[in-house]
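Residues per chain are reported as follows:
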Amino acid sequence: MKKYAFYLTILLFSTGLVLQAQTEDNKLKLYRLDVSAGLYTSKDIYYSIEFNTSDTWGKNSTATYFLSTSFYRKKRTEVGLAFGYQKPDLEDRVITGNNGATGTMDVQYLTIMPQVRFNWITSEDNLFEMYSIFGFALTFVDETYTNDVRADGFYPVPGAHVTGLGLRFGDKFGGFVEIGFGSKGLMSGGLSYRL
């Protein structure tokens, strides 16, 4: 329960900071809502190296899911927040402790990421967009173990994400694909609703 209260506090704090940034000329409102799934995040790569496993790149790779918003726009630039969730498939991963005991680890990643989107190209009929995104992320890692191999952990890890190339197709309701590196993955895609 403490974890969820912590998440709610972070969400409310972030929202409060965003609302303070409101100016009289540029009112805040919801411009777009995106839902996406991505593969091969920076977290996957890090844990693949830390636990010396190649599971990340094979059949055990899992998607990371994001809900992204844009709430402030000026010319081609949009500012928003993204919220992510990932539960890696670690059921077969055996962890050995200092005392020689073995057990398995279960982990979840919860991410909050302020982001800036720059729309390079928008067609006149609004059916196509080409864009890039940059964001700073804070991921909360929730680790639990089946026995006393290691202590359960809940801790924040800073991160970032850069989408080098994003393509969106459709008017108000559409789809998109992105190629980048970081918290959302090397490749991602999803559905988008523009208000």
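Residues numbered from 1 in each chain as written. Predicted model: local features only at pLDDT ≥ 70, side-chain atom pairs only at ≥ 80, totals over all residues. Heavy atoms only, no water.

(A) Quick look at the overall build of the protein. Check the secondary structure of the protein and you find two helices and nine strands. Reading the secondary structure of the protein in the N-to-C direction produces α-β-α-β-β-β-β-β-β-β-β. Residues counted as buried form 39% of the 195 residues belonging to the protein. Taking contacts inside the protein between residues at least 6 apart in sequence as the whole, the part at least 24 apart equals 59%. For the protein, the accessible surface area stands at approximately 11,100 Å², while carbon and sulfur atoms represent 63% of it. (Helix = DSSP H or I, 4+ residues; strand = E, 2+ residues; numbered from the N terminus. Buried < 20%, exposed > 50% of the residue type's maximum accessible area, 1.4 Å probe, protein only. Contact = heavy atoms within 4.5 Å. Areas by Shrake-Rupley, 256 points an atom, 1.4 Å probe, with all protein chains shown as cover.)

(B) Layout of the packing of aromatic side chains. Following the criterion strictly, the structure yields four aromatic pairs and no others. With 4.6 Å between their ring centres and 75 degrees between their planes, F118 and W120 make a pair best called edge-to-face. F118 gets classed as partly exposed once you look at its relative accessible area, which sits at 28%. Taking the ring centre of Y131 as reference, the NZ or CZ of R117 above it sits at 3.6 Å. The ring of F66 has K184 lying over it, and the distance from NZ or CZ to the ring centre is 5.8 Å. (Phe/Tyr/Trp six-rings, centres within 6.5 Å; stacked < 30°, edge-to-face > 60°. Lys NZ or Arg CZ within 6 Å of the ring centre and 35° of its normal.)

(C) A look at the confidence of the model for the protein. Per-residue confidence for the protein averages 80 on the pLDDT scale, and 68% of its residues sit at or above 70. The secondary structure element of the protein with the lowest average pLDDT is helix 1 (residues 2-20), at 54, and the one with the highest is strand 8 (residues 173-182), at 95. (pLDDT = per-residue confidence, 0-100.)

(D) Structural detail: the pattern of salt bridges. Per the counting criterion, the structure on display carries seven salt bridges. Of the charged contacts in the structure, one is a salt bridge between D34 and R117, with a shortest N-O distance of 3.9 Å. A residue pair is termed long-range when its members are at least 10 positions apart, and D34 in strand 1 (residues 32-39) and R117 in strand 5 (residues 102-122) qualify at 83 residues. One exposure class covers both D34 and R117, and it is buried. Among the salt bridges present, the one from R194 reaches E129, with a minimum N-O distance of 3.0 Å. Of the two residues, R194 sits in strand 9 (residues 187-194) while E129 sits in strand 6 (residues 128-145), which places them 65 residues apart along the sequence. We note that R194, like E129, is buried. Three or more residues are tied together by salt bridges with common partners; here these are R32, D34, R73, E78, R117, E129, D171 and R194. (Salt bridge = Lys/Arg side-chain N within 4 Å of Asp/Glu carboxyl O.)

(E) Representation of the pairing of strand 2 (residues 64-74) within the structure. In terms of strand pairing, strand 1 meets strand 2 through seven bridges, oriented antiparallel. Bridging across to strand 2, V35 finds its partner in L67. Sheet topology places strand 2 next to strand 3 (residues 77-86); 10 bridges connect them, and they run antiparallel. Looking across to strand 3, one finds that T69 is bridged to L81. (Pairing = 2+ DSSP bridges.)

(F) Summary view of the environment of D125. Its location among the elements puts D125 in the loop between strand 5 and strand 6. Classification of D125 as partly exposed rests on a relative accessible area of 48%. Once the C-alpha coordinates of D125 and G170 are considered, the two residues, 45 residues apart in sequence, prove to be 9.5 Å apart. Within the structure, D125 has its side chain in polar contact with the side chain of S123 (distance 2.6 Å). (Polar contact = N/O pair within 3.5 Å; in protein donor to acceptor, adjacent residues only side chain to side chain.)

(G) A look at the side chain of S36. Secondary-structure assignment places S36 in strand 1. On the accessibility criterion, S36 (7% relative accessible area) is buried.

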